Amino acid sequence: MPLNKLQIPPHYDAVYNIRETQRAIKLIKQHFQYELAKALHLERISAPLFVTPESGLNDDLNGVERPVTFDILDLHSDVQIVHSLAKWKRFALAQYGFKPGSGLYTDMNAIRRDEELDNLHSVYVDQWDWELVIDRFERNDEKLREIVSRIWNVIWQTEAYICSEFPRYKPYLPEKLCFITTQELYDRFPTLTPKQRENAIAKERKAVFLMRIGDKLKNGERHDGRAPDYDDWSLNGDIIVYNKVLDCAVELSSMGIRVDEHALAEQLKKAHAEERSALKFHRMLLDGELPLTCGGGIGQSRLCMQLLQKAHIGEVQASVWPADMVEACREHGILLL
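Because the structure is predicted, anything quoted here is derived from the model rather than measured.

What counts, and where the lines are drawn
Residues numbered from 1 in each chain as written. Predicted model: local features only at pLDDT ≥ 70, side-chain atom pairs only at ≥ 80, totals over all residues. Heavy atoms only, no water. Pairing = 2+ DSSP bridges. Helix = DSSP H or I, 4+ residues; strand = E, 2+ residues; numbered from the N terminus. Buried < 20%, exposed > 50% of the residue type's maximum accessible area, 1.4 Å probe, protein only. Salt bridge = Lys/Arg side-chain N within 4 Å of Asp/Glu carboxyl O. Contact = heavy atoms within 4.5 Å. Polar contact = N/O pair within 3.5 Å; in protein donor to acceptor, adjacent residues only side chain to side chain. Phe/Tyr/Trp six-rings, centres within 6.5 Å; stacked < 30°, edge-to-face > 60°. Lys NZ or Arg CZ within 6 Å of the ring centre and 35° of its normal. Lys, Arg positive; Asp, Glu negative; His and termini not counted.

**Q** Explain the sheet that holds strand β2 (residues 50-51) residue by residue, including any values.
**A** On the basis of which strands lie adjacent, the open sheet formed by three strands has the order β2-β4-β3 and antiparallel pairing. Of all strands in the sheet, those bounded by a partner on one side alone are β2 and β3 (69-72). Across two bridges, β2 lies against strand β4 (residues 77-81) in antiparallel orientation. Across the sheet, residue F50 finds its bridge partner in β4, namely I81.

In structure tokens, the structure reads:
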């Protein structure tokens, strides 16, 4: 991995040592998931680490990432380690009989072998994946904003909590989140790339919910890619915050109101992926056998990295890194787990 992808902040101070950091990580995860479940009326359930390809339950992300695949002797076939649980959660809600106004959350652990490793990206992904059943009349911007605001309040309160436990950390996230669409963001910064636009708005507002990701903007380009078969591209978005240590935008959560049968058919056509409609998950959705939902993932290590003001995700997550990255980080006081 070229070291030019590694960012070393000048005069970096880890604030607390490794053992203190581990204690802080534990407290953040305990506090956050408890408050998230309470805010959204979620019940914790167990989730799979791998699924069969023919189930259609794996998340295809941008459609080019390769899943980690291995064979199981007694199945005489392969399975895939999940990229995320976006589709599986909806299937589980139907299986468990959840009703509108209630939902589930789970610990999602994934391997994304094609990630480019840097300060923010690891091949190991750990998230709180959550999914909430909604009614058809709630498939709108107002409901999305309400749910996002509840999640943001939990993040903001968690920062206040961890700063009270570790007083050398000082809170800097805003109490209120700014909402902006990808088209509005483009209109404000038309000469910048999508990533530069995110950096600009995050630095200005400190925390934003960037809405409507996946479909084309008026200039014919997409702000970013999204799989066509989980989020409704007109009712989704990312929670993005400003990371003062790295001086850049950091995505903490990707979420949205999920496709119904109409949005699924339309987005599969736009993505030239109509063949997916033959998969089990897609057939159930098109036949009205799955509940209407809103859901997403919240990065556990990303949240810990942000609240503990770390320079590298490897400071809050045990993963694998190139030897030259480990050494370069060590030389500058960034100790990777």
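Anyway, onward from the coordinates.
**Q** Can you break down the pairing of strand β11 (residues 293-299) residue by residue, with the values?
**A** Side-chain positions along a regular strand alternate between the two faces of the sheet. Counted residue by residue, β11 has seven buried out of seven residues, so it is predominantly covered. Residues T293, G295, G297 and G299 of β11 are buried on one face, and the alternating residues C294, G296 and I298, pointing to the opposite face, are buried as well. With seven bridges joining them, strand β6 (residues 124-133) and β11 adopt antiparallel strand pairing. Of the residues in β11, the one forming a bridge with W130 is G296. By the bridge criterion, five bridges tie strand β10 (residues 248-258) to β11 in an arrangement that is antiparallel. For M255, the partnering residue across the bridge sits in β11 and is G296.

**Q** How would you summarise the pattern of salt bridges if you had to cite specific residues and measurements?
**A** Considering all chains together, one arrives at 28 salt bridges under this definition. As a salt-bridge pair, D107 and R44 come within 2.8 Å of each other at their nearest N and O atoms. Of this pair, D107 sits in strand β5 (residues 103-111) while R44 sits in strand β1 (residues 42-44), and the two are 63 residues apart along the sequence. D215 is the salt-bridge partner of K270, the closest N and O atoms lying 2.6 Å from each other.

**Q** Describe in detail the environment of L42, supporting the description with residues and values.
**A** For L42, the position within the fold is in strand β1. Exposure remark for L42: the relative accessible area of 10% places this residue in the buried category. Residues L42 and E165, spaced 123 residues apart in sequence, show a C-alpha to C-alpha distance of 26 Å. Ignoring sequence-local partners within four residues, the contact set of L42 consists of L36, A37, G103, L104, Y105, W130, E131 and L132.

**Q** How would you summarise the side chain of R226 if you had to cite specific residues and measurements?
**A** Tracing the sequence through the fold places R226 in the loop between β8 (207-211) and β9 (231-243). In this structure the side chain of R226 is engaged in a polar contact, spanning 3.4 Å, whose partner is the side chain of D224. Separated by 2.6 Å, the side chains of R226 and D238 make a polar contact.

**Q** Tell me about the packing of aromatic side chains, residues and numbers included.
**A** Applying the stated criterion across every chain yields a total of seven aromatic pairs. Centroid distance F166 to Y169: 6.3 Å. Interplanar angle 50 degrees. Geometry classified as tilted. Residue classification places F166 among the buried residues on the basis of a relative accessible area of 4%. In textbook terms, an aromatic cluster arises when at least three aromatic residues are bridged by ring pairs, as seen for Y16, F166 and Y169. In this arrangement the basic side chain of R168 is found over the ring face of Y16, its NZ or CZ atom lying 4.0 Å from the centre. The positively charged end of K206 is found above the aromatic ring belonging to Y242, 5.2 Å away from the centroid.

**Q** I'd like a description of the side chain of R112, backed by residues and values.
**A** Here R112 shows up in the loop between β5 and β6. Although R112 lies buried, it forms no salt bridge, and the closest oppositely charged side chain, E115, sits 4.2 Å away as judged by the N-O distance. Side-chain polar atoms of R112 contact the backbone oxygen of H83, separated by 2.8 Å.

Remember that the coordinates give geometry; whether it matters functionally is a separate question.
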